[in-house]
Every structure is written in C-alpha cells, then in structure tokens.
Amino acid sequence: MVILSILALGVGHRVSIALRLSRYQKDSLKALCLAKVGLNLAIEEIDKNKDLSSYDVLKDNWADNKEKFEKIMLNENKNEFAIVSYNVGEVGKEEAKYGVLDEESKINININTASPYVFRALLESCGVVAGDSVDTLANNICAWRGDSNAPEEAKDYKNLGYECKGKSLVNNEELGLIKGIKEIEEITPDIYNKIKGLITVHGDGLVNINTVNDEVLKILLNACVKELNPSPEINSDSLLKKIREAGVFKKLDDFKNVFDLNEKEVEVIDKLQKLIKVRSNCFRIISVGKIANIGLERVIECVYDRNAKKVIWQHER
C-alpha cells in the first residue's frame, strides 16, 4: 500500500505539471494569435493611407491612434487583448505611443545617402568623442557595408578573428560587429543603444521629412553643412526651426522656396533635399498579445513594406 501510494503521488505530480504546461502553451498560443490580430490591423491602416494620400504624416491613423491600438479585443474577455505600440516597455504608461513607427524616419546606414558626413554627424550627436575617432568609425561603417572607396585599414579585422563583411547589414544589431562600434557597445552601451535607435537598414535611403524627429533632422542638417567646402557658419537649430514652422510637405518640388533663406542656407537645403522625401514605404510594427490575468504576453515585431505588400523582417518573442 505504501509503495502504491508513493507511485500514485508521483504520477499525480507529473500529471499536474503536464496540465500546467499544457495550459501555459494554450495561453501562449492565444497571446501570439492576439499579437497577430494587432499586426494585421496595423497593416490594414498602413495600406489604407496609401490609397488616400500621396504623403505620410504623424497625424495619419497608423501613426498615433490610441483609440484603435491601445486595447484590441476579439471577445468580451477584458483580460485578453492586443496592443500596438512604438515602445513595448512603456505600454500602459501615459508616454506610450499607440500606433506604428515610420521606419523611414531614421537614417538608413545601408544606402549611400548615408555618407561618411552623415555617419560623423550621427556619432557626434550620440556622444562619441569628436576628432579622429569619429572619422575612423565612419570609415569602418562604410567598409563593413561594402563601400569600394573605404580605406583599406578599415577593412582589416584580423585582430577580431573574423572578416569585414563588405555587404549590406541585415539588422541594426549587426552594427555591434563593426570594429570601434563593438568597443562602444562593450564600454558605453547607452551610446550604442542611442545610435541603434536612430538608424535603420530598411527602405530606399531617403528620410521622410514629415515624420523624422528633430534629432535625426539635425544630424542630416549638420552633415549637409560639413559636406560643403568650406563649411559655412550656419546654425542648424535655426534651420531646423524654419523647416518645422513650414509645416507638412505634400511634395518636395518647392521645398526650399517656402523658407526665408540666405545664400549659404540655400546650399545646405539643396543638399538636404537630396536626402529626404514625403512618402514612406517601410513601417515598424510592434504588436503585443496579452493575457492580463496571468501576466502572459507575446510580442511580434516586424518591418512591413507597403509598396511590396509584405513583411520583410519579423521577430517573435
């Protein structure tokens, strides 16, 4: 009887664990399905705007729409819902942004529109020490993505035990393999994370002037100033203010004509105009499926190409 009791207890314990695991798997799958619902709703809003407008702005329904994206429910169970938010870590707080992030509001480091001048301005803006180190890092990034005119020393990775890739990056995290940037990630991760937050590897290389934030726009303006020879004494904050005061740009044909500019500022805006656009194709969607009463959530993060009508990058967690 004692042996049978022990066996019964053992079997009961195993069955109990199996049932809990089964319930967890079921709830996890449900949360993932909810995340997919949020993803599909976001894609629907992005595609809808393509048919309605020839330009994209941060007032569009896909960009900041708390009513539609804060709590997406499939039934009357208030504990089961999806959220589409810019910043998953802030979901539920006042500062959370409900909607989709325009991936082409960032600097595309894969395309030649991100020149060494843009990289230098980016690195300096993020707090990397100015001087030779910035120029070296800019050249290292250009070499890693495959620029033929990058210096030979920027392609030397013998000390790190692997080769310089010489091809386009597939994600932002790959930046951590580039020499110099690798050291920044290890020593000052905050600077590395800030750089990652301002760049992308998706899109055609042009930045949407209507959705770009002030920090990225200032980086582009500083890069345009540095590219002019000799570099004019121009206050990029003043130029940025003029651009913001001009409001929404529906087309770029008369971009520089809406400003009151002096001769040197016209040169800067001429260069900036080659780096910007008013319509985006790539959007980053972060959809969270939640089972609130047990604290379970699944996240789908992806980049959707509206022009190709497909998800070009996706990660589930």
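Residues numbered from 1 in each chain as written. Predicted model: local features only at pLDDT ≥ 70, side-chain atom pairs only at ≥ 80, totals over all residues. Heavy atoms only, no water.

**Structural notes on the overall build of the chain**
Then, number 1: Scanning the chain for helices and strands turns up nine helices and nine strands.
Then, number 2: Principal-axis analysis of the C-alpha atoms places the extent of the chain at approximately 95 × 55 × 35 Å.
Then, number 3: By the burial criterion, 45% of the 317 residues in the chain qualify as buried.
Then, number 4: In the chain, the proportion of contacts linking residues at least 24 apart, taken out of those at least 6 apart, comes to 60%.
Then, number 5: Counting 46 positive and 50 negative side-chain charges, the chain places the averaged centre of each group 6 Å from the other. (Helix = DSSP H or I, 4+ residues; strand = E, 2+ residues; numbered from the N terminus. Buried < 20%, exposed > 50% of the residue type's maximum accessible area, 1.4 Å probe, protein only. Contact = heavy atoms within 4.5 Å. Lys, Arg positive; Asp, Glu negative; His and termini not counted. Charge placed at Lys NZ, Arg CZ, Asp CG, Glu CD.)

**Some words on the nonpolar core**
Then, number 1: If you look at the biggest cluster of nonpolar residues, it comprises 61 residues, and the most contacted ones within it are Ile181, Ile209, Ile243, Phe255 and Leu272.
Then, number 2: Where this core is concerned, the elements lending two or more residues are helix 3 (116-125), helix 4 (132-145), helix 5 (181-187), helix 6 (189-197), helix 7 (214-227), helix 8 (236-245) and helix 9 (263-273).
Then, number 3: When residues of this core are assigned to their parent elements, the largest contribution, eight residues, is made by helix 7.
Then, number 4: Not counting the four nearest positions on each side in its chain, Ile181 is found in contact with Leu123, Leu137, Ile141, Leu175 and Tyr192.
Then, number 5: Formed by 27 residues, the second largest nonpolar core is a distinct cluster that contains Leu32, Ile72, Phe81 and Ala82. (Core = buried A, V, L, I, M, F, W, Y, C linked by side-chain atoms within 4.5 Å.)

**Remarks on the pattern of salt bridges**
Then, number 1: Scanning the model with the defined rule gives 24 salt bridges in all.
Then, number 2: Residue Asp47 pairs with Lys309 through a salt bridge whose shortest N-O separation is 3.6 Å. Highlighted residues: Asp47 in helix 1 (residues 2-52) and Lys309 in the loop between strand 8 (296-305) and strand 9 (310-316), separated in sequence by 262 residues.
Then, number 3: By relative accessible area, Asp47 is classed as buried at 15%.
Then, number 4: Across the pair Lys165 and Glu174 runs a salt bridge, and its minimum N-O distance is 3.0 Å.
Then, number 5: When its relative accessible area of 30% is taken as the criterion, Lys165 is described as partly exposed. (Salt bridge = Lys/Arg side-chain N within 4 Å of Asp/Glu carboxyl O.)

**Points about the packing of helix 3 against helix 7**
To describe two helices that pack against each other, one gives the angle between their axes and the distance between the axes.
Then, number 1: Look at helix 3 against helix 7: their axes get within 8 Å of each other, and the N-to-C directions meet at 130 degrees. The orientation of helix 3 relative to helix 7 falls into the category oblique. Note on packing geometry: the crossing formed by helix 3 with helix 7 is right-handed. Note on element contacts: helix 7 touches helix 3 through Glu215, Ile219, Leu220, Asn222, Ala223, Lys226 and Glu227, opposite Tyr117, Val118, Ala121, Leu122, Glu124 and Ser125.
Then, number 2: Grouping the amino acids of the contact of helix 3 with helix 7 by side-chain chemistry returns seven nonpolar, two polar and four charged. (Axes fitted to C-alpha atoms, helices over the stretch in contact; angles between N-to-C directions. Parallel < 35°, antiparallel > 145°, perpendicular 65-115°, else oblique. Left-handed = near helix turned anticlockwise from the far one by under 90°. Nonpolar A, V, L, I, M, F, W, Y, C, P; charged D, E, K, R; others polar.)

**Notes on the pairing of strand 9**
Then, number 1: Alignment of strand 8 against strand 9, held across six bridges, turns out to be antiparallel. Paired with Asp305 across the two strands is Lys310, which belongs to strand 9.
Then, number 2: Between the antiparallel neighbours strand 8 and strand 9 lie four residues, among them Lys309 with a positive phi of about 55 degrees. (Pairing = 2+ DSSP bridges.)

**Details of a nonpolar patch on the surface**
Then, number 1: A contiguous nonpolar patch, built from Met1, Ile3, Leu4 and Leu7 and spanning about 520 Å² of accessible area, is present on the exposed surface.
Then, number 2: Looking at the secondary structure, you find Leu7 in helix 1. (Patch = residues over 30% accessible without salt bridge, like charges linked within 9 Å, V, L, I, M, F, W, Y side chains within 5 Å. Areas by Shrake-Rupley, 256 points an atom, 1.4 Å probe, with all protein chains shown as cover.)

**Brief notes about helix 6**
Then, number 1: Every buried residue of helix 6 is listed here: Ile191, Tyr192, Ile195 and Lys196. Along the axis of helix 6, the buried residues cluster in a sector spanning 140 degrees; they form a single face.
Then, number 2: Of the surrounding secondary structure, the elements contacted by the buried residues of helix 6 are helix 3, helix 5 and strand 4 (199-200). (Arc of directions from axis to C-beta.)

**Some points on the state of the cysteines**
Disulfide: a covalent bond connecting the sulfur atoms of a pair of cysteines.
Then, number 1: Applying the stated criterion across every chain, the model contains zero disulfides.
Then, number 2: As a non-bridged cysteine, Cys142 has Cys164 as the owner of its nearest cysteine sulfur, 11 Å distant.
Then, number 3: The class for Cys142 is buried, based on a relative accessible area of 3%.
Then, number 4: Distance from the sulfur of Cys282, which forms no disulfide, to the nearest cysteine sulfur (Cys302) is 11 Å.
Then, number 5: Since its relative accessible area comes to 2%, Cys282 is described here as buried. (Disulfide = S-S within 2.5 Å.)

**Focus on helix 8**
Then, number 1: Taken together, the buried positions of helix 8 are occupied by Ser236, Leu239, Leu240 and Ile243. The arc enclosing the buried residues of helix 8, seen along the axis, measures out at 100 degrees, which places them on a common side. Turned more than 90 degrees away from the buried face of helix 8, the exposed residues are Lys241 and Glu245.
Then, number 2: Where helix 8 is buried, its residues contact helix 7 and helix 9.

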